[in-house]
Amino acid sequence: MASSIQRTMGAREWLMLITLSVLWGGSFFFVEVAVTALPPLTIVALRVGLAAITLWAIAMAMGLKFPTNLGLWAAFLTMGLLNNIIPFSLIVWGQTHISSGLASVLNATTPLFGVLVAGLLLADERISGLKLIGVAIGFSGVLVMIGMPTVDIATQASVLAQMAILVAALSYAFASVFGRRFKATGLNPIIIAAGQVTGSTVILAPVAMLVDGPLVIFGPLGPSYLVWMSILALAIFSTALAYVLYFKILSSSGATNILLVTLLVPVSAILLGTLLLSETLGWNQMVGMGLIACGLSAIDGRLWKRK
């Protein structure tokens, strides 16, 4: 694949990455609310299905053309499998057995997998010592900032849940590499995002119906108002809008850089809690954020190479 990406991100790309981290940071909270009333596959099916409806409505309003190429739809299905169905299902299931804090720490291994997978499969994103050092520093910052949650190894379900989050992180890494091919299509990121979540919905909706059974919407057995609000926020903000930004960054800055968002997600979550919920910002969180910033600068490379 010919090199056509910016190996270092500009101010615009960094702003989009930070915005994406805020959108995805909220997804852990929304999932925590939703799993109290809905099974994992149903949550994921609703998430991608409602996101698809939202994105196609926006595409129609903008006058964008519906893609009809079968090869393109096969790519959408594959992307949906790697970037939505596998990781979403594993993370949601994992959060039924481990805390959201531990899930976010394990999810922060994604850039490490990304550097390795992209380095092996993409000629223009080869592994460098500086990138590996940057990921290691950034991940240590996550551990310092939010602390290493208690790991319950007493039950097999807990161990499997932790492994599930790691497999989800690996799936995200492969998705970022596979998604590089969409740059050559010249499609609007809204169409690419809509195609991906539509492919996910086509695969997952019948599976969720078969495994979880039909969803009871109304009545005392149905989800509460708060659960539905969480599902809508998860679909519209943490999925539809988030993936438009995701494909914009992936197209311009590559597979390794897009995965840096998982180092920023815990930062966004803590800062939002401080600003909106009057939570206290501790010394460890400030040190952790500093380490993450240092790690990101190493991956970016410009400041370190000057020195």
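Residues numbered from 1 in each chain as written. Predicted model: local features only at pLDDT ≥ 70, side-chain atom pairs only at ≥ 80, totals over all residues. Heavy atoms only, no water.

Draft legend 1. Quick look at the pattern of salt bridges. On inspection of all chains with the given rule, the structure shows one salt bridge. The partner of Glu13 in a salt bridge is Arg12, and the shortest N-O contact between them spans 3.6 Å. (Salt bridge = Lys/Arg side-chain N within 4 Å of Asp/Glu carboxyl O.)

Draft legend 2. Structural detail: the packing of helix α2 (residues 40–61) against helix α3 (residues 70–94). Here α2 crosses α3 at 140°, and the two axes come no closer than 9 Å. When the axes of α2 and α3 are compared, the pair comes out oblique. As α2 packs across α3, the resulting crossing turns out to be right-handed. Facing Pro40, Leu41, Ile43, Val44, Arg47, Val48 and Trp56 of α2, the residues of α3 in contact are Trp73, Asn84, Phe88, Ser89, Val92 and Trp93. Looking at the contact of α2 with α3, its residues break down into 10 nonpolar, two polar and one charged. (Axes fitted to C-alpha atoms, helices over the stretch in contact; angles between N-to-C directions. Helix = DSSP H or I, 4+ residues; strand = E, 2+ residues; numbered from the N terminus. Parallel < 35°, antiparallel > 145°, perpendicular 65-115°, else oblique. Left-handed = near helix turned anticlockwise from the far one by under 90°. Contact = heavy atoms within 4.5 Å. Nonpolar A, V, L, I, M, F, W, Y, C, P; charged D, E, K, R; others polar.)

Draft legend 3. Local environment of a nonpolar patch on the surface. There is a patch of nonpolar side chains on the surface, built from Leu112, Leu116, Leu120, Leu121, Ile127, Leu132, Leu170 and Phe174 and spanning about 670 Å² of accessible area. For the nonpolar patch, the secondary-structure elements that each account for two or more residues are α5 (110–121) and α7 (156–178). When you line up the elements, Leu112 lands in helix α5. (Patch = residues over 30% accessible without salt bridge, like charges linked within 9 Å, V, L, I, M, F, W, Y side chains within 5 Å. Areas by Shrake-Rupley, 256 points an atom, 1.4 Å probe, with all protein chains shown as cover.)

Draft legend 4. Quick peek at the nonpolar core. Grouped together as the largest cluster of nonpolar side chains are 88 residues, with contacts concentrated most on Leu17, Tyr246 and Phe247. With 15 residues, the top contributor of residues to this core is helix α9 (residues 225–258). Setting aside residues no more than four positions away along its own chain, Leu17 makes contact with Met9, Ile249, Asn257, Ile258, Leu260, Val261 and Leu264. (Core = buried A, V, L, I, M, F, W, Y, C linked by side-chain atoms within 4.5 Å. Buried < 20%, exposed > 50% of the residue type's maximum accessible area, 1.4 Å probe, protein only.)

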